[in-house]
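# Inside the fold
Below, each chain spelled out in residue letters.
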Amino acid sequence: YDPEEEGVVDLFQGARVNQETIGWWYMSCGRVLGVYDGRLVEYEPSTLAPLGLVVGQDELEGKQVLIVSSGVEACRLDFETAEGIEGADCADSEPLEQAVLLVDENRAVIVVQPNEDGSYWRKIVRNKMIRMKESRRVKAAKAFSLSTWPDGEPQVISSWGPYTSIVGTA
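The text that follows walks through the structure, step by step, so that each part is easy to find.

Reading the values: rules and limits
Residues numbered from 1 in each chain as written. Predicted model: local features only at pLDDT ≥ 70, side-chain atom pairs only at ≥ 80, totals over all residues. Heavy atoms only, no water. Salt bridge = Lys/Arg side-chain N within 4 Å of Asp/Glu carboxyl O. Buried < 20%, exposed > 50% of the residue type's maximum accessible area, 1.4 Å probe, protein only. Helix = DSSP H or I, 4+ residues; strand = E, 2+ residues; numbered from the N terminus. Polar contact = N/O pair within 3.5 Å; in protein donor to acceptor, adjacent residues only side chain to side chain. Contact = heavy atoms within 4.5 Å. Pairing = 2+ DSSP bridges. Axes fitted to C-alpha atoms, helices over the stretch in contact; angles between N-to-C directions. Core = buried A, V, L, I, M, F, W, Y, C linked by side-chain atoms within 4.5 Å.

Scanning all chains against the criterion turns up 4 salt bridges. With a shortest N-O distance of 2.6 Å, Arg39 and Asp37 are connected by a salt bridge. A relative accessible area of 30% places Asp37 in the partly exposed class. A salt bridge links Asp151 to Arg107; the nearest nitrogen and oxygen atoms lie 3.0 Å apart. Of this pair, Asp151 sits in the loop between α2 (128–148) and β9 (155–159) while Arg107 sits in the loop between β7 (98–103) and β8 (108–112), placing them 44 residues apart in sequence. A relative accessible area of 63% means that Asp151 is categorised as exposed.

Take the side chain of Ser119 next. Locating Ser119 in the fold gives a position in the loop between β8 and α2. Within polar-contact distance, the side chain of Ser119 engages the side chain of Asp117 at 2.6 Å.

Below, the discussion takes up the environment of Trp149. Considering the arrangement of structural elements, one finds Trp149 in the loop between α2 and β9. The exposure class of Trp149 is buried, given its relative accessible area of 17%. In this view, Trp149 contacts Val103, Arg107, Val109 and Phe144; residues no more than four positions away in its chain are not counted.

This next bit is on the environment of Ala140. Here Ala140 shows up in helix α2. Contacts of Ala140, omitting those with residues within four sequence positions, involve Val68, Ser69 and Ser70.

In this structure, Gln13 takes a positive phi of about 45 degrees despite not being glycine. Within the element layout of this structure, Gln13 appears in the loop between β1 (8–10) and β2 (23–26). With a phi angle near 70 degrees, Arg107 is a residue other than glycine that sits in the positive phi range.

Glancing now at the sheet that holds β7. Taken in spatial order, the 5 strands of this open sheet run β1-β6-β7-β8-β9, and their pairing is mixed. In this open sheet, the two strands that pair with only one neighbour each are β1 and β9. Between one strand axis and the next, the sheet turns through 30 degrees on average, direction left out of account. Relative to β7, strand β6 (residues 64–69) is paired through 6 bridges, and the arrangement is antiparallel.

One finds Trp25, Leu33, Leu40, Leu60, Val65 and Val100 to be the most contacted residues of the largest nonpolar core, which totals 19 residues. Once you skip the residues sitting within four places of it in the chain, Leu60 turns out to touch Val17, Val35, Gly38, Arg39, Leu40, Val55, Val65 and Leu102. With 13 residues, the next largest nonpolar core counts Leu101, Ala140, Trp149 and Val156 among its residues.

The next point concerns the sheet that holds β2. Ordered in space as β2-β3-β4-β5, the 4 strands form an open sheet in which the pairing is antiparallel. Two strands bound the open sheet, and with one partner strand each, they are β2 and β5 (50–55). Each strand of the sheet is rotated relative to its neighbour by a mean of 25 degrees, with strand direction disregarded. Relative to strand β4 (residues 39–43), strand β3 (residues 32–36) runs antiparallel, the two being bridged by 5 bridges. Paired with Tyr36 across the two strands is Arg39, which belongs to β4.

Here it is, written out as structure tokens:
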């Protein structure tokens, strides 16, 4: 998997996650996510030590894991020719903004939203800029759903994980 790859990346080639599914990948932002023991977990990029739970077994089981480009084209930078960036949407421009999607057998698409700091393991509190990015990821998920299954209305929801506080999380 190439983290700079555009379009839809099906990490497990159509397979749905179960207890035996194992895989790790780098996002374009440098974050490392992986599926192990039926859970989606974020790992520290240099040591690959687990940072925390992103999606639990109960929410992940039976779903496909996809990565979809979701960034604003105007924010895409060519560092050789770029003179400046206009607008708050580009304030923390990643090489390629991506959405992590979970798709179930009923074609419902769940967007796994990152935290304000860009990490994916479950924390709480989001600001307006983060909500704008979350909105773009949901739009990307709807576009994916419509292009893949044009015969129905897209079913897209967002996932922020099971946590209601940060007490006791690693």
